[in-house]
Amino acid sequence: GLDRWLRQPLVFIAALLSSAVHAADDKPVLYWCLDHFPRFHEFQRPDRPVGASVDLMQELARRAGFTIEFSPRTPVARCFRQMASGEADLMTNLNDTPERQALMQMFPYSERIPESLYQRGDDPRSINQLSQLEHLTLATVRNYAYHPDLMTLIRHLGPNRQVEVASIAAGFDVLAKGRVDGLIVPRFSSLDYLYNTPRLHLKFKRAPLMLKTATPQFIYIGFSRHSRHAKLAGVIERTIAEMMADGTVSRLYAPDAGQTDLSI
């Protein structure tokens, strides 16, 4: 009789633990496709990203009631293909375009920072007016979604005045070789690249021109339109809005938390 009485609390506790594990297992698992982006989501280890976006997505998952599964380091173009097929559910740090709207629902969560214009370090021109761009040949980065107003301005230069490059590194390379007069790139991701490439420290300078447009643009979390968990879209959208309103996003992305303007 005594043994049975002693065992009853243990059985009860075991049942509670089993129920909790089962409840956790019942959470939807959403697959987040991501590449390596300095400070936001970095693969310092091959199996586990770190950074402000990782903290943000984990908090979003906790509040919205799902579990995050991280992809291995995956090129952005492949992530877009996975979003189109429904193999991936989520992407982050996105700029909005009609093409992306066709693939995913876009939920804004932070205002983006304007791009920077770089010149060669020995270029004597001080570029501080948009009108000066009319006389330049400029490089832009492929698959980076620039603000529509800025792209309209660049397209007006004509096809022979714009060079599209595959990456920030390639952009600085064509600028160093004199093939273009300027390079328009995301501000802090370009700073990260230059900081981590000592041989380039004195080769370039940032133009004083501010590329801020009249219409603000935001950074977005994308949710695949072909996700198996489509019913979570509304919950995710509301939760992101709550995290913006209560200061969670600004706290995680504050400068002392390692914020950059990184978006794609």
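Criteria and cut-off values
Residues numbered from 1 in each chain as written. Predicted model: local features only at pLDDT ≥ 70, side-chain atom pairs only at ≥ 80, totals over all residues. Heavy atoms only, no water. Salt bridge = Lys/Arg side-chain N within 4 Å of Asp/Glu carboxyl O. Buried < 20%, exposed > 50% of the residue type's maximum accessible area, 1.4 Å probe, protein only. Helix = DSSP H or I, 4+ residues; strand = E, 2+ residues; numbered from the N terminus. Arc of directions from axis to C-beta. Contact = heavy atoms within 4.5 Å. Phe/Tyr/Trp six-rings, centres within 6.5 Å; stacked < 30°, edge-to-face > 60°. Polar contact = N/O pair within 3.5 Å; in protein donor to acceptor, adjacent residues only side chain to side chain. pLDDT = per-residue confidence, 0-100. Axes fitted to C-alpha atoms, helices over the stretch in contact; angles between N-to-C directions. Parallel < 35°, antiparallel > 145°, perpendicular 65-115°, else oblique. Left-handed = near helix turned anticlockwise from the far one by under 90°. Nonpolar A, V, L, I, M, F, W, Y, C, P; charged D, E, K, R; others polar. Disulfide = S-S within 2.5 Å.

Here we look at the pattern of salt bridges
- According to the stated counting rule, one finds 8 salt bridges in the structure shown.
- Asp-123 is paired through a salt bridge with Arg-125; the nearest N and O atoms lie 2.9 Å apart.
- Taking the relative accessible area as the measure of exposure, Asp-123 reaches 5% and is therefore buried.
- Residue class for Arg-125 comes out partly exposed when judged on its relative accessible area of 34%.
- We note a salt bridge from Asp-181 to Arg-125, for which the minimum N-O separation is 3.5 Å. Linking Asp-181 in the loop between helix H6 (168-176) and strand E10 (182-185) with Arg-125 in the loop between strand E7 (116-120) and strand E8 (138-141), this pair joins segments that are 56 residues apart in sequence.

Quick word on helix H5 (residues 148-155)
- Within H5, burial applies to Leu-150, Met-151 and Ile-154. Summarising the axial view, the buried residues of H5 lie within an arc of 100 degrees, below the 170-degree limit, and thus occupy one face.
- Check the buried side of H5 and you find it contacts E8, strand E9 (162-165) and E10.

Some thoughts on the packing of aromatic side chains
- A complete count under the given rule lists 4 aromatic pairs for this structure.
- Residues Trp-32 and Phe-70 carry aromatic rings whose centres are separated by 5.7 Å and whose planes lie at 50 degrees to one another, so their mutual orientation is tilted. A residue pair is termed long-range when its members are at least 10 positions apart, and Trp-32 in strand E1 (residues 29-32) and Phe-70 in strand E4 (residues 67-70) qualify at 38 residues. For the pair Trp-32 and Phe-70, a shared accessibility class is recorded, and that class is buried.
- Between Tyr-118 and Phe-172, the aromatic rings sit 5.2 Å apart at their centres with planes inclined by 70 degrees, giving edge-to-face as the arrangement.

Brief notes about the side chain of Thr-140
- With respect to the element layout, Thr-140 can be found in strand E8.
- Within the structure, Thr-140 has its side chain in polar contact with the side chain of Gln-162 (distance 3.0 Å).
- In this structure, Thr-140 is in contact with Tyr-146, Ile-154, Gln-162, Val-163, Glu-164, Val-165 and Ile-184, ignoring residues within four places of it in sequence.

Focus: the confidence of the model for the protein chain
- Of all residues in the protein chain, 83% attain a pLDDT of 70 or more, and the chain-wide mean is 83.
- Within the protein chain, no element has a lower average pLDDT than helix H1 (residues 2-25), which sits at 48, and none a higher one than E1, at 97.
- For the stretch residues 11-16, pLDDT sits under 50, and the model shows 0 contacts to residues farther than four places along the chain or on other chains.
- Across residues 256-262 the pLDDT falls below 50, and counting only partners more than four positions away or on other chains, this stretch makes 25 contacts in the model.

Description of the packing of helix H2 (residues 52-64) against helix H8 (residues 233-245)
- Orientation of H2 relative to H8, taken along the N-to-C sense of each, is 120 degrees, at an axis distance of 10 Å. Considering the angle they form, H2 stands oblique to H8. The interaxial crossing formed by H2 with H8 has right-handed handedness. Listed contacts from H8 to Leu-56, Glu-59, Leu-60, Arg-63 and Ala-64 of H2 are Val-235, Ile-236, Thr-239, Ile-240, Glu-242 and Met-243.
- Partitioning the contact of H2 with H8 into residue classes produces 7 nonpolar, 1 polar and 3 charged.

So, the state of the cysteines
- Overall, the coordinates contain 1 disulfide when judged by the stated rule.
- Note on cysteine connectivity: Cys-33 is disulfide-linked to Cys-79, with sulfurs 2.1 Å apart. Its S-S torsion of approximately -80 degrees makes the covalent link between Cys-33 and Cys-79 left-handed. Of the two residues, Cys-33 is situated in the loop between E1 and strand E2 (42-45) and Cys-79 in helix H3 (residues 76-85); the sequence distance between them amounts to 46 residues. Take Cys-33 and Cys-79: they sit in the same class, and that class is buried.

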